[in-house]
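Here's the letter readout for the chains.
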Amino acid sequence: MEEDILINLQEILDRIEKAAIKSERDPGEIRLLLATKTVPANRIKVALTAGQTLIGENKVQEIKEKYQDLKAILHTNHFIGHLQTNKIKDILKYDISCIQSLDRLDLAVKLHQRLLFEKKTMEVLIQVNTSNEESKFGVSPDKAIALVQEVAQLETLKIKGLMTIGLFSAETEKVRHCFRLLKHLQEQIKALQLPNVEMKELSMGMSGDLETAIEEGATIVRVGTAIFGQRSYPDSYYWNENS
Ligand SMILES: *Cc1c(COP(=O)(O)O)cnc(C)c1O
């Protein structure tokens with residue numbers, strides 16, 4: 001229902017504001033990204049018409065399907081899913097302004113080569129697997145800094161920060177550990193002062209854990225179910241290899 005989306009959206013904005021105030025942060029520092037996998041374009045439009053401006057998809061196929069419908073409403077599109085190298089050419093057709101899920105060098109190199117060819121640049125976040133779960137993508141924390149250093153040399157890729165999916169757990173402190181780890185990596189990378197690397201964005205926190213993420217420094221929270229309702233696909237469909 002349309003009304004539900006608007007009510008849910010307001011609830012999320014309130015949660016973001018409360019969490020920001022609790023951690024003495026300016027709520028304006030935290031951007032809400034609508035995680036729109038499986039959500040049809042007409043429902044996404046409801047949120048965009050209500051003033052939201054940032055969405056994120058997990059699959060190139062879904063971006064493609066919704067592209068024409070959403071084009072008329074001004075918004076920004078990030079990619080937050082696992083990107084296969086054979087989809088690089090395709091993804092560059094749809095005005096994606098940031099790939100948040102860059103997690104391996106071979107993908108970075110191939111993306112760079114294609115961007116060079118098309119005379120384009122792309123903002124990226126490096127996705128880190130802070131929970132060490134095998135089911136999740138992302139570079140392992142101990143290899144993250146090296147990956148940033150290598151990607152920094154590919155001048156078409158503009159590194160803006162880091163992204164992670166926290167541990168799925170009801171134990172807040174275990175989830176918090178993931179977010180702290182990402183923040184710590186951000187600080188270590190900042191200290192290196194690498195050319196071509198900005199470390200301002202920390203994309204972390206979802207429907208269930210956005211407060212914890214904001215307390216630990218999130219600048220982008222990615223929210224799906226709490227706004228659009230339960231998805232009919234299990235998340236493993238999006239988060240596992242071979243899907
Ligand atoms: C689906 C998804 C989200 C949003 O998750 P919800 O629990 O529905 O809020 C955030 N980030 C990524 C990478 C996702 O795939």
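Cut-offs applied
Residues numbered from 1 in each chain as written. Predicted model: local features only at pLDDT ≥ 70, side-chain atom pairs only at ≥ 80, totals over all residues. Heavy atoms only, no water. Helix = DSSP H or I, 4+ residues; strand = E, 2+ residues; numbered from the N terminus. Buried < 20%, exposed > 50% of the residue type's maximum accessible area, 1.4 Å probe, protein only. Contact = heavy atoms within 4.5 Å. Near = heavy atom within 4 Å. Polar contact = N/O pair within 3.5 Å; in protein donor to acceptor, adjacent residues only side chain to side chain. Areas by Shrake-Rupley, 256 points an atom, 1.4 Å probe, with all protein chains shown as cover. Nonpolar A, V, L, I, M, F, W, Y, C, P; charged D, E, K, R; others polar. Salt bridge = Lys/Arg side-chain N within 4 Å of Asp/Glu carboxyl O. UniProt positions renumbered as here; feature names shortened; annotations may be inferred. Phe/Tyr/Trp six-rings, centres within 6.5 Å; stacked < 30°, edge-to-face > 60°. Axes fitted to C-alpha atoms, helices over the stretch in contact; angles between N-to-C directions. Left-handed = near helix turned anticlockwise from the far one by under 90°.

## Some words on the side chain of Gln-52
Along the chain, Gln-52 turns up in the loop between α2 (41-49) and β2 (54-57). Overall, the relative accessible area of 11% leaves Gln-52 in the buried class. Those residues in contact with Gln-52, other than ones at most four positions away along the chain, are Leu-9, Leu-13, Leu-32, Leu-34 and Ala-47.

## Describing the site of the ligand
Around the ligand lies a shell of 13 residues, among which Lys-37, Asn-58, Ser-207, Arg-222 and Thr-225 are the nearest. Contacts to the ligand include Asn-58, whose side-chain N or O atom sits 2.8 Å from an oxygen atom. The contact in question runs from an oxygen atom of the ligand to an N or O atom on the backbone of Thr-225, over 2.8 Å. Against a free-state accessible area of 390 Å², the protein chains account for coverage of 96% of the ligand. Here the residues of the shell around the ligand are counted per class, giving six nonpolar, four polar and three charged.

## Considerations on unusual backbone geometry
In this structure, Glu-24 takes a positive phi of about 55° despite not being glycine. The topology assignment puts Glu-24 in the loop between α1 (2-22) and β1 (31-35). Assessed through its relative accessible area of 75%, Glu-24 is described here as exposed. The backbone phi angle of Asp-95 is positive, close to 50°, even though this residue is not glycine. Looking at the secondary structure, you find Asp-95 in the loop between α4 (88-91) and β4 (96-102).

## Let's talk about the pattern of salt bridges
Counting across every chain of the model gives 18 salt bridges. Here Asp-106 and Arg-104 are joined by a salt bridge, their closest N and O atoms 3.4 Å apart. Note that Glu-171 and Lys-174 form a salt bridge whose closest N and O atoms lie 3.3 Å from each other. A residue is classified by how much of its surface remains accessible, and Glu-171, at 45% relative accessible area, is partly exposed.

## Some words on the UniProt feature "domain: Alanine racemase N-terminal" (unreviewed entry) in the chain
Here the UniProt feature "domain: Alanine racemase N-terminal" (unreviewed entry) sits at residues 45-231. Counted over residues 45-231, helix gives 41% and strand 22%. Its end C-alpha atoms are 17 Å apart.

## Thoughts on the packing of aromatic side chains
A full pass over the atoms with the stated rule returns one aromatic pair. Arranged with centres 5.1 Å apart and planes meeting at 70°, the rings of Tyr-67 and Tyr-94 form a pair that is edge-to-face. Residue Tyr-67 is located in helix α3 (residues 60-71), and its partner Tyr-94 is located in the loop between α4 and β4; the two are separated by 27 residues in the primary sequence. The two residues Tyr-67 and Tyr-94 agree in class, both being buried.

## Describing the packing of helix α6 (residues 141-151) against helix α7 (residues 172-192)
Across the interface, α6 lies against α7 with an axial gap of 11 Å and an inter-helix angle of 35°. Read as a crossing pair, α6 and α7 show a hand that is right-handed. In contact with Pro-141, Ala-144, Ile-145, Val-148 and Gln-149 of α6, α7 contributes Leu-181, Leu-185, Gln-188, Ile-189 and Leu-192. Residue composition of the contact of α6 with α7, grouped by class: eight nonpolar, two polar and no charged.

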